[in-house]
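Breakdown of the fold
Residue strings, one per chain:
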Amino acid sequence: MKILKTPKEAQEYRNSLKGNIGFVPTMGALHEGHLSLIKKAREENDYVIVSIFVNPTQFLPGEDLDKYPRKLQADFEICKRAGVDAVFTPNAKNMYSDDEILIKAPKIKGYILEGFFRPGHFDGVLQVVNKLFNIIKPTKAYFGKKDAQQLYLINQMVKNFFFDIEIIPVDTVREKDGLALSSRNVYLSTEERKRALSISKALKRAAKLSSKTDNIEEIKKEMEKILDVDKLQYIAFVDRDFNYINKIIPGNTIILIAAYIGSTRLIDNIWI
Ligand code: PAF
C-alpha cells in the first residue's frame, strides 16, 4: 500500500493509474463506518484511494480540532487489511495557501441545521473536498448517509462544478444496540454512551410512527419523550433535497437529530 504525503505525490500516483478509481475521503480515526465505505469502494473499482486529513477549515473556533482523535498507524493497518491501494495523508501546509480562492456553501442549504449551528463548517468541507476531487480525480467517491447534509451538499457541488464523479451514498453503520458509529463516540463516558442511545431510539420510534401517521408534530413529541440528552439542538424533517417538509413523505423524508451529550455533539438521522 502506498502512502502519499503531498498533493504532488498523490497526483503523480493517480496519473499513473488506468481504470476506475474509488475514493474514500476521511479525517482518520477509522471505524467500521469508514470500513463499509472502503469495502464498497473495493468491490466497485480497480483502485481504492483513501485520504486521511483532519481538515482545519471545517472546524469552528472552539471546536475539537486539537483533540480530534488521530490514529495514523492504526488507520494504515486498517486500510492495508481492507485492500486499499493508496492512502493520501497531506498536511495543512501543503493543502492550503494564504489568501486562497474560497468555495462558499449555498446560502440556504449550507446554513440551515448543521450549517446554522456550525456556520462556515460546510464552506470548509466543500473547500477541501473540491481540492481532494481535483487531486484524486476519482471515478466514484463514497460518503456516509450519517452526514446527510454533507452528502447532499457534495452532490450539489458535483452538479454545480461539473465534476465527472459519481457520488455513492453508504448506509450508516451502527453498534448492535443502535448507536451510530462516529469518531467522536470515544469522547463519551459509560453513562453518556447509555444516554446517547436515546438518539437512535428516538429515530427508530419516529420511523415506526411514520408508517402510521404523516403528522410531524405528533412524531416529534414522541421523539422528545425518548431523548435523554443534555442539549437538543434540532429535530428536523426534510426531504432528500433538504427542503423542510410539514408532513412525512414516504420515500422522500430524512429525520435528523443533533444534540449534546455532556460536551460531545452527536448527529444522527433516519431515511424514511
Ligand atoms: O466526513 C468527513 O470525514 C469530512 O467532512 C470529509 C468529507 C473527509 C472532509 O474533510
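So, here is what we can say about the structure in this document. (Residues numbered from 1 in each chain as written. Predicted model: local features only at pLDDT ≥ 70, side-chain atom pairs only at ≥ 80, totals over all residues. Heavy atoms only, no water.)

Some points on the environment of K18
Positionally, K18 belongs in the loop between α1 (7–15) and β2 (21–26). Residues K18 and V238, spaced 220 residues apart in sequence, show a C-alpha to C-alpha distance of 40 Å. (Helix = DSSP H or I, 4+ residues; strand = E, 2+ residues; numbered from the N terminus.)

Things to note about the packing of aromatic side chains
If you walk through the whole model with that rule in mind, you get seven aromatic pairs. Between F133 and F163, the ring centres sit 5.5 Å apart and the planes meet at 80 degrees, which makes this aromatic pair edge-to-face. With a gap of 30 residues between them, F133 in helix α6 (residues 121–136) and F163 in the loop between α7 (148–160) and β6 (166–170) connect regions that are remote in the sequence. Of the two residues, F133 and F163, both sit in the buried class. Each member of the aromatic cluster is reached from another via a ring pair, and the members are F23, F133, F143 and F163. Sitting above the plane of the Y187 ring, K67 keeps its charged end 4.2 Å from the centroid. Just above the ring of W271 sits the side chain of K145; from NZ or CZ to the centre is 4.7 Å. (Phe/Tyr/Trp six-rings, centres within 6.5 Å; stacked < 30°, edge-to-face > 60°. Buried < 20%, exposed > 50% of the residue type's maximum accessible area, 1.4 Å probe, protein only. Lys NZ or Arg CZ within 6 Å of the ring centre and 35° of its normal.)

A few points about the pattern of salt bridges
Across all of its chains, the model carries 17 salt bridges by this definition. We note a salt bridge from K80 to E77, for which the minimum N-O separation is 3.6 Å. Taken as a pair, K80 and E77 lie in helix α3 (residues 72–81) at a separation of three residues, close to a single helical turn. When the shortest N-O distance is used, the salt bridge between D177 and R193 registers 2.9 Å. Of this pair, D177 sits in the loop between β6 and α8 (190–209) while R193 is found in helix α8, placing the two residues 16 residues apart along the sequence. (Salt bridge = Lys/Arg side-chain N within 4 Å of Asp/Glu carboxyl O.)

Some remarks on the side chain of T213
For T213, the position within the fold is in the loop between α8 and α9 (216–226). On the basis of relative accessible area, T213 is assigned to the buried category, the value being 15%. Reaching out from T213, the side chain makes a polar contact with the backbone nitrogen of N215 at a distance of 2.9 Å. Apart from residues lying up to four places away in sequence, T213 is in contact with E218, I219 and I248. (Polar contact = N/O pair within 3.5 Å; in protein donor to acceptor, adjacent residues only side chain to side chain. Contact = heavy atoms within 4.5 Å.)

Describing the nonpolar core
In terms of nonpolar packing, the biggest core is built from 45 residues, with F133, I167 and L256 touching the most fellow members. Those elements that provide at least two residues to this core are α1, β2, β4 (86–88), α6, β5 (140–144), α7, β7 (231–238) and β8 (254–261). With near-sequence residues (within four places) excluded, I167 lies in contact with F133, A141, F143, L151, I154, N155 and V158. (Core = buried A, V, L, I, M, F, W, Y, C linked by side-chain atoms within 4.5 Å.)

Some thoughts on the sheet that holds strand β1 (residues 2–4)
The sheet built from six strands is open, its strands ordered β1-β4-β3-β2-β5-β6 with parallel pairing. The open sheet has two edge strands with one neighbour each: β1 and β6. Mean inter-strand twist for the sheet, computed between neighbouring axes without regard to direction, equals 25 degrees. Two strands pair when backbone bridges link them, and β2 and β5 are joined in this way by two bridges, in the parallel orientation. Within β5, the residue paired with F23 across the bridge is A141. Of the strands in this sheet, β2, β3 (47–52), β5 and β6 touch helix α2 (residues 32–44), which is tilted by about 155 degrees from β5. α7 rests against β5 and β6 of the sheet, and its axis sits at about 170 degrees to β6. (Pairing = 2+ DSSP bridges. Axes fitted to C-alpha atoms, helices over the stretch in contact; angles between N-to-C directions.)

Thoughts on the sheet that holds β7
The three strands lie next to each other as β7-β8-β9, forming an open sheet whose pairing is antiparallel. Among the strands making up the open sheet, the edge pair consists of β7 and β9 (264–271). The sheet shows a mean angle of 10 degrees between the axes of neighbouring strands, taken without regard to direction. Of the strand pairs in this sheet, β8 and β9 are connected by eight bridges, and their pairing is antiparallel. Bridge pairing in β9 links I257 to D268.

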